[in-house]
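Reading the structure
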Amino acid sequence: MRIRPVLGVLTLSGALLVAPSPAFAGGSALGPTATGYGGAVSTVDPTATAVGIDVLRRGGNAVDAAVAAAATLGVTEPFSAGIGGGGFFVYYDARKRSVQTIDGRESGPATMKETHFIDPTDNLPYEFAEARVSGLSVGTPGTLATWESATKKWGTKSLASLLQPAAKVADRGFKVDATFRQQVADNAAAFGQFDSTKALYLPNGAPPAVGSTLRNPDLADTYRLIARQGTDVLYKGSVARDIVRTVQKPPVSATPVGTWAYPIRPGTLTLNDLARYDLRHPAPTKSKFRDLTVYGMNTPSSGGVAVSEALNILETAGLSKTDVTKALHYYLEASALSFADRNRYVGAYTPQRVVDKLISDRWAAQRACQIDPAKALTKPVPPGDINAKGCTPAKVGGPTEQGQSTTNLTVADRWGNIVEYTFTIEQTGGNAMVVPGRGFLLNNELTDFNFTNTQAPAADPNLPGPNKRPRSSMSPTIVLKDGQPFLALGSPGGATIITTVLQILLNRVVLGQTLPQAMAAPRASQRNTAGIQAEPAFRTTYGPSLTALGHTFAADVPELGAATAIEFTRNGGFIASAEPARRGSGAAAVVHPTR
Ligand code: GLU
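For clarity, every value in this text was computed on a predicted model and none was experimentally measured. (Residues numbered from 1 in each chain as written. Predicted model: local features only at pLDDT ≥ 70, side-chain atom pairs only at ≥ 80, totals over all residues. Heavy atoms only, no water.)

Some thoughts on the overall build of the protein chain
This is how it is decided: For the purposes of this entry, the term helix denotes a DSSP run of H or I that reaches at least four residues, the term strand denotes a run of E that reaches at least two, and both are numbered from the N terminus. C-alpha atoms define the radius of gyration in this analysis, and the globule rule sets the expected value at 2.2 Å times the number of residues to the power 0.38. Between buried and exposed lies partly exposed: a residue is buried under 20% and exposed over 50% of the maximum accessible area for its type, with that area taken using a 1.4 Å probe on protein chains only. Residue contacts are counted whenever heavy atoms from the two residues lie within 4.5 Å of one another. Computed by Shrake-Rupley with a 1.4 Å probe, the accessible areas treat only the displayed protein chains as cover when residues are assessed. The sign given to each residue is positive for Lys and Arg and negative for Asp and Glu; His and the chain ends receive no count. Taken as the charge location is NZ of Lys, CZ of Arg, CG of Asp or CD of Glu.
Per the secondary structure count, the protein chain includes 20 helices and 18 strands. Against the compact-globule benchmark of 25 Å for 595 residues, the protein chain has a radius of gyration of 22 Å, which places it among compact chains. Here the protein chain holds 595 residues, and 64% of them are scored as buried. Partitioning the intrachain contacts of the protein chain with sequence separation of at least 6 by distance along the chain shows that 73% fall at a separation of at least 24. When the accessible area of the protein chain is evaluated, it comes to approximately 19600 Å², of which 54% is carbon and sulfur surface. Separation of charge centres in the protein chain, based on 57 positive and 46 negative side chains, amounts to 4 Å.

And the structure:
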């Protein structure tokens, strides 16, 4: 998410492709919006976007470009994503006209128990920060396996070749900007506890200066090692051993920078856990909204379910662009109702029949009947009763989750294939441990489990268990219209991902905004809590009319999400869109600005 013009961008062959911004080979700008033909890429980072465009330009397809861009984000956005983490890859195959997915979510150790995050000395759950910065929070990373599977199934180039541009960026370095520096500063106490992390990100004991060049030769070597030896090196070989050692014996520094308030606990992930890691390929969630077909990620993400349920509820309301207050009122109510249901029913092992029910129009009607057009519901709202008919809520329950890490990218190629990919290491900075000698941070994804039952006396679908994957909110979404691609989008932002994706769809489809307007518009997130989280501009603009309907606002948040999206125009063109301002702005590009 940084405008980092200094080094330009390296091509697969290692030549400099991009001169200093904003000029871009071929003439398209590396700004937040690009329109044109021949393929498109939108990511949070200009280097990653340019790498993706270069792959497309050399004849690679959307999958090739997405993997090369993702590997680059592992270098330039190391606190959001990388081979130490996991994610969800959604692919539209133009020839087959089908949407397929890869669930590369991290999985917990085989020995993981429901009490994983309960301190045995006092039977109380660990504090979040204590659980996060520990070996306990680390799940088996699924990202590298995802890249391999995607390129083998759907790509045209070898994973080995697609790792090369990222390796070169890691070797030569990139310019630190204010966002990057701030992310380190926010994590300084945690990063300072580990020699491997402070050596990389706290040079001279402090966050790197804005404008300095950050190199990561260890990560370059790791990428090249994977290119030579294959992905087994990370699941069964020397990198696997280093990951397991880091988890089981966190590399705590004898000379820490700063103090950390908690003991740094070891985890139990084993070599067997890594060796047995399996990708899953669940069918996407599929629902209709007006004349659109919306495909999203199935469990263990709650994204597809919650976005679909909320859209179905919105559809019952007969919204139009002339009544913005009504549209936003229903958006907030539909979000709250969907979150209540997601918290009660959605986890890694939710039966497909429950997923199908939650994304059905019948369920939407059963939930929408609770919305009063003239008065906001009191939050939190109870979940619906899955076994009842009519307007019957079940018991209250369900907290919200926070988090602002993760990254998202959107790629489309000239053949009409699309990749929507959200991947993460959970918190910004993951669990704060760089695997010594390997140059990447480990995830803390297992803290996405609920530490204790949030739904009592009902069961909580998101408690830890052996080999289980924690529930996610990541919502890579592909939308078709009349069987043709219309829009692909996704965002980071923890549980706010769901509402960000939903709100962009509302803005674009219901309120008739252009895609860049829909992306830029101020955001609000109602995740079934007493107060709405909103960006200041949202509260200023819509607060009075929504407050009059009984909505309540919590304290403002500076920003929600960091989305990327591509819209497909009727004449075969692309509108690639990234954030104009949030998280330092993103980078969209097309292969040819004109036909
Ligand atoms: N770990 C979160 C999830 O899977 C994403 C974290 C974030 O975006 O901040 O839902």
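Regarding the pairing of strand β10 (residues 407-413)
So the rule is basically this: Any two strands with at least two DSSP bridges between them are considered paired.
Most of β10 sits inside the fold, with seven of its seven residues counted as buried. The pairing of strand β1 (residues 33-43) with β10 spans four bridges and is antiparallel. Bridge pairing in β10 places Val-41 opposite Val-411. Relative to strand β11 (residues 418-424), β10 runs antiparallel, the two being bridged by six bridges. Pairing of Thr-410 across the sheet is with Glu-420, part of β11. Hairpin connection, β10 to β11: the antiparallel pair is bridged by four residues, and Gly-416 has positive phi, about 95°.

Observations regarding the environment of Thr-447
Basically, it comes down to this: N or O atoms within 3.5 Å of each other form a polar contact, as long as, within protein, one can give a hydrogen and the other can take it, and as long as residues adjacent in sequence are counted only when both atoms are side-chain atoms.
With respect to the helices and strands, the residue Thr-447 is situated in the loop between β11 and β12 (477-481). Distance in space between the C-alpha atoms of Thr-447 and Arg-342 is 17 Å, their sequence separation being 105 residues. Apart from residues lying up to four places away in sequence, Thr-447 is in contact with Phe-117, Phe-128, Ala-131, Arg-132, Ser-137 and Glu-426. Reaching out from Thr-447, the side chain makes a polar contact with the backbone oxygen of Asn-444 at a distance of 2.8 Å.

Looking at the confidence of the model for the protein chain
To keep it simple, the criterion reads: The predictor rates its confidence in each residue with pLDDT, a number between 0 and 100.
Mean pLDDT over the protein chain: 93, with 93% of residues reaching 70 or higher. A low-confidence stretch, residues 1-29 stays under pLDDT 50, and its non-local contacts, those more than four residues away or across chains, total 98 contacts. Within the model, pLDDT remains below 50 along residues 400-404, and this stretch shows 21 contacts once partners closer than five positions in the same chain are excluded.

Comments concerning helix α15 (residues 324-345)
Stated precisely, the cut-off is as follows: A helix's residues, less one, multiplied by 1.5 Å, set its expected span.
An ideal rise of 1.5 Å per residue puts 32 Å on 22 residues; α15 measures up with 31 Å between its terminal C-alpha atoms. Across the 22 residues that make up α15, a large majority, 19, are buried.

Notes on the nonpolar core
Put simply, the rule reads: Nonpolar core, defined: a set of buried Ala, Val, Leu, Ile, Met, Phe, Trp, Tyr and Cys residues in which side-chain atoms within 4.5 Å join the residues together.
Phe-89, Trp-147, Tyr-201 and Tyr-223 are the most contacted members of the largest nonpolar core, which has 85 residues in total. It is helix α2 (residues 62-76) that contributes the most residues to this core, 11 residues altogether. Leaving out residues up to four positions away in the same chain, Tyr-223 has contacts with Ala-71, Gly-74, Val-75, Ile-83, Trp-147, Leu-163, Ala-166 and Ala-167.

Notes on the state of the cysteines
Each disulfide consists of one covalent bond between the sulfur atoms belonging to two cysteines. Condition: Working definition: a disulfide is two cysteine sulfur atoms within 2.5 Å of each other.
For the coordinates displayed, the defined rule picks out one disulfide. Put simply, Cys-369 and Cys-391 are joined by a disulfide, and their sulfur atoms are 1.6 Å apart. Linking Cys-369 and Cys-391, the disulfide has an S-S dihedral of approximately 120° and is accordingly described as right-handed. A residue pair is termed long-range when its members are at least 10 positions apart, and Cys-369 in the loop between α17 (361-368) and β10 and Cys-391 in the loop between α17 and β10 qualify at 22 residues.

Examining helix α6 (residues 164-172)
By the burial criterion, the buried members of α6 are Pro-165, Ala-166, Ala-167, Lys-168, Val-169 and Ala-170. Buried positions along α6 lie against α1 (46-57), α2, α5 (159-162) and α10 (217-229). Among the residues trailing α6, Gly-173 stands out with phi positive, at a value near 95°.

Details of the site of the ligand
To keep it simple, the criterion reads: Near residues are defined by distance, with any heavy atom within 4 Å of the molecule or strand qualifying the residue. Put simply, Ala, Val, Leu, Ile, Met, Phe, Trp, Tyr, Cys and Pro go in the nonpolar bin, Asp, Glu, Lys and Arg in the charged bin, and everything else, Gly too, in the polar bin.
Near the ligand you find 16 residues, and of these Thr-406, Glu-445, Asp-448, Ser-472 and Gly-494 are the closest. Contacts to the ligand include Asp-448, whose side-chain N or O atom sits 2.6 Å from a nitrogen atom. Taken by itself the ligand offers 300 Å² of open surface, and the protein chains cover 98% of this. Looking at the shell around the ligand residue by residue, the class counts come to three nonpolar, nine polar and four charged.

A short note on the packing of aromatic side chains
Inclusion rule: Stacked, edge-to-face and tilted labels apply to pairs of Phe, Tyr and Trp rings (six-membered ring for Trp) whose centres lie within 6.5 Å, assigned for plane angles under 30 degrees, over 60, and everything in between, in that order.
In the structure shown here, the tally under the stated rule is 17 aromatic pairs. With a centroid separation of 4.4 Å and 20° between ring planes, the pair formed by Phe-117 and Phe-451 is classed as stacked. In this pair, Phe-117 is assigned in the loop between β3 (98-104) and β4 (118-119) and Phe-451 in the loop between β11 and β12, connecting sequence segments 334 residues apart. Aromatic pair Phe-191 and Tyr-201: ring centres 6.0 Å apart, planes at 35°, arrangement tilted. Of this pair, Phe-191 sits in helix α8 (residues 188-191) while Tyr-201 sits in helix α9 (residues 195-201); the two residues are 10 residues apart in sequence, bridging distant segments of the chain. Side by side, Phe-191 and Tyr-201 carry an identical accessibility label, which is buried.

Looking at the environment of Val-133
Position of Val-133 among the secondary structure elements: in the loop between α3 (128-132) and α4 (143-154). According to the relative accessible area criterion, Val-133 is buried, its value standing at 0%. Here the alpha-carbon distance between Val-133 and Ala-521, two residues 388 residues apart in the chain, equals 35 Å.

As for the pairing of strand β18 (residues 587-592)
Of all six residues making up β18, five are buried, and the element is well covered by its neighbours. Examined bridge by bridge, β1 and β18 share five bridges and lie antiparallel to one another. Paired with Val-41 across the strands is Ala-589, a residue of β18.

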